[in-house]
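Report on the structure
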Amino acid sequence: MKYDDETLMAFADGELDELQRAEITAAMENDPGLAQRVARHRALRAQVAGAFGNLLDEPSPERLVHAARGARQPAANTRRGGDVVQFPVRGSRHPATSWRGREWGAIAASLVLGGLISWKLLAPSEAMMAASGNSLVARGALASALDRQLASTQLESDSVWIGLSFQARDGHICRSFELRDAGTAGLGCKVDGEWKIPVTSETPARSGDVRPAASPPAAVLRVIEARISGDPLDPAAEEKARDAGWKAARR
Amino acid sequence: MTARLEEIGEHIVALLPRLRRFARSLSRNQHDADDLTQVAVERALRHRQQFRAGSNLASWLFGIMKNAWLDDRRSRARRGEVALPEDSGEHPAVTPADTDASLWSVSEAMNKLPEDQRLAIACVLVEGMSYKEAAEVLEIPIGTLTSRLARGRSALAAALSDEGKGGPS
C-alpha cells in the first residue's frame, strides 16, 4: 500500500480517522520505511514545538499588558503601517463562529491551560516529554508515573493521572495518562525500555475539581482502539505487569 | 460595555504568551513580533463586539494577528522598504549566544518560508492547532491548509538539515 506524504503527515498530526489510523499503524509494522517517514514528521513537529515552547515562559512586556487592558498610551508602533490599516470587516463571519459546541468554561480554561501546555511539557527544567531519535518519549515525572503508578491506588492529588493500561497488538504494554496541570492527555507504550508517546491531546476543560477523567480525549481513544488487543488490564494484571517491568509479551 | 472590556482584556492578558509566540514564529525579530502583538490586541479590542461569547477567543485573536501581519508585510512592500527587512540579518530576534540553539535554528529556517507556508506551520506546529482550527484561523479550505503545511514542512526539514550540515550562513 502506498501512502502519499500528506496522508502520513496527517497521520503524524493525529488528523486521520480511526480506520485510516489503524490501517497505517498496521502497515508501519511491516514497513520500516513507512514507519521512518512518519517518524520524521513527528520529529519535525516535536522540534518546532520544542523550539518555541520556552517562549511561553517569558513575562509579557508592560506595554502589551496595558494594550490588552485597553489602556491608552503612546505606543511604540504608531509609525508602523499595520496600525493604520483598517480591520477587515467580514460581516458576522469570523473564524470562531462555526465552533458553537465550545462553552465559555472551556475557553476560560484553555486560555490558561493552553498557554501552559508546551512549556510545562517541554521546558528543560521539568520536561515530561522529549524527542528521542524519531519519536517522543516520556521523561521526568511522567516517566516515573508510567513506571510505578497504579490506576487502582493513585491519589486524587497525583499530578499524573493514569487511565487504562493494556496490551497492544504488537505485545507492548501501553498506558493512557493525563497531565492535569498541563491539560494534556496521551498514551505511553513501553518499547525498548522507554515510554514512547504515539499521541497526545489537549484534555477538555472540566468545571471545578470534578475528578477523575471519565475517559481519554477522542484523539487518544482512537489510538487506543487502533492498538488494543483484548481488554484493558484489570488491577491485578496491572500490578503484575508493573512488577514484571512492563515487559512486552512474546507474540 | 465597560465590564465586558475588562473581562475580555483579562482574557487577552492571559493569552499574551501565546500571542507573542505566534507573532514570534511569523517574525523573527522580537521587537517586530511585539509590535505585531500590540497591533492585533488593539484591533481586537476596537472590534470586540464582533467576538461572540461562546466561540474561541484565542482563534479569533490569531486570525486578527494573521491579517495584521499580512497587512504589515504588504504595506512595507508598498512603501518600498526592503521587502523583507527581517531577512537582512541585521536585527536577528535571537542569536545562538543569548538563547537556545534550537529556537535560533528553527526561527532561521521558518524565516525562509513563503508567507502562506509560514502561517500554516505557525498554526499547526508551533501553536498545536488542529487542521480545522488552523484552516478557520487562516480562512482557507482544509485542503489548501494541508498542501501548504506539507510544502512548508518539506522546506523546513530541508533548511534544518542544511543548517545542521553547513552551520548558520
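As a reminder, the structure under discussion sits directly above these lines.
Residues numbered from 1 in each chain as written. Chains lettered and ligands numbered in written order. Predicted model: local features only at pLDDT ≥ 70, side-chain atom pairs only at ≥ 80, totals over all residues.

1. Brief notes about the overall build of chain A
Counting secondary structure elements, chain A contains 8 helices and 6 strands. Scanning chain A from its N terminus toward the C terminus, one meets helices and strands in the order α-α-α-α-α-β-β-α-β-β-β-β-α-α. Excluding contacts between residues fewer than 6 apart, the proportion of contacts in chain A whose partners are at least 24 apart in sequence is 56%. (Helix = DSSP H or I, 4+ residues; strand = E, 2+ residues; numbered from the N terminus. Contact = placed C-beta atoms within 7 Å.)

2. Brief notes about helix 6 (residues 140-148) of chain A
Residues and elements named next belong to chain A. Residues L142, A145 and L146 constitute the buried set of helix 6. Each buried residue of helix 6 sits inside an arc of 100° when the element is viewed along its axis, so together they form one side. Residues of helix 6 that are buried sit in contact with strand 1 (129-132), strand 2 (135-138), strand 3 (160-167), strand 4 (173-179), strand 5 (184-191) and strand 6 (194-202). (Buried ≥ 20, exposed ≤ 12 C-beta atoms within 10 Å, placed from the backbone. Arc of directions from axis to C-beta.)

3. Description of the environment of V137(B)
On the secondary structure map, V137(B) appears in helix 6 (residues 131-138). When the C-alpha positions of V137(B) and L119(B) are compared, they lie 9.8 Å apart, and in sequence the two are 18 residues distant.

4. Quick look at the nonpolar core
Residues and elements named next belong to chain B. With 97 residues, the main nonpolar core has A40, L61, M65, I121 and A134 as its most contacted residues. When residues of this core are assigned to their parent elements, the largest contribution, 9 residues, is made by helix 3 (residues 57-78). Here this core spans two domains, since at least three of its residues come from each of domain 1 (1-93) and domain 2 (96-169). Leaving out residues up to four positions away in the same chain, M65 has contacts with L19, F22, A23, L36 and A40. (Core = buried A, V, L, I, M, F, W, Y, C linked by C-beta atoms within 7 Å. Domains from an automatic or database assignment.)

5. A word on the packing of helix 3 (residues 32-53) of chain A against helix 4 (residues 101-111) of chain B
Two numbers describe how helix 3 of chain A lies on helix 4 of chain B: the axes approach to 8 Å, and their chain directions differ by 115°. Of the two elements, helix 3 of chain A crosses helix 4 of chain B, and the hand of that crossing is left-handed. Counted together, Q47(A), V48(A), G50(A), A51(A) and F52(A) of helix 3 of chain A and S102(B), L103(B) and V106(B) of helix 4 of chain B form the full contact between these two elements. (Axes fitted to C-alpha atoms, helices over the stretch in contact; angles between N-to-C directions. Left-handed = near helix turned anticlockwise from the far one by under 90°.)

6. Thoughts on the pairing of strand 5 of chain A
Residues and elements named next belong to chain A. Buried residues dominate strand 5, accounting for 7 of its 8 residues. Relative to strand 5, strand 4 is paired through 6 bridges, and the arrangement is antiparallel. Residue pairing in the sheet places E178 in a bridge with A185 of strand 5. What sits between strand 4 and strand 5 in their antiparallel hairpin is a turn of 4 residues, with G183 showing a positive phi close to 60°. Bridge count for strand 5 against strand 6 is 7 bridges, and the pairing is antiparallel. Bridge assignment links L187 to a residue of strand 6, and that residue is V199. Counted between consecutive antiparallel strands, the loop separating strand 5 from strand 6 contains 2 residues, among which D192 sits at a positive phi close to 50°. (Pairing = 2+ DSSP bridges.)

7. Points about helix 2 (residues 30-46) of chain B
With 17 residues, helix 2 of chain B ought to run about 24 Å at 1.5 Å a step, and its terminal C-alpha atoms sit 24 Å apart, in line with that. Counting buried residues in helix 2 of chain B gives 13 out of 17 residues, a clear majority hidden from the surface. (Expected span 1.5 Å × (residues − 1).)

8. Some details on the pairing of strand 3 of chain A
Residue and element names in this part refer to chain A. The buried count for strand 3 comes to 8 of 8 residues, which makes it a mostly enclosed element. For strand 3 and strand 4, the ladder comprises 6 bridges, and the chain directions are antiparallel. Considered in strand 4, the bridge of Q167 is made with I173.

9. What about the packing of helix 2 of chain B against helix 3 of chain B?
Residue and element names in this part refer to chain B. Contact geometry of helix 2 with helix 3 gives a least axis separation of 9 Å together with a crossing angle of 125°. One element, helix 2, and the other, helix 3, form an angle in the oblique class. The two elements helix 2 and helix 3 meet at a crossing, and its hand is right-handed. Residue-level inspection shows L36, V39, A40, R43 and A44 of helix 2 in contact with helix 3, the latter providing L61, I64, M65, A68, W69 and D72. A breakdown of the residues in the contact of helix 2 with helix 3 according to their chemical character gives 9 nonpolar, no polar and 2 charged. (Parallel < 35°, antiparallel > 145°, perpendicular 65-115°, else oblique. Nonpolar A, V, L, I, M, F, W, Y, C, P; charged D, E, K, R; others polar.)

10. Examining unusual backbone geometry
Backbone geometry at D192(A) places phi at a positive 50°, although glycine is not the residue there. Within the secondary structure, D192(A) sits in the loop between strand 5 and strand 6.

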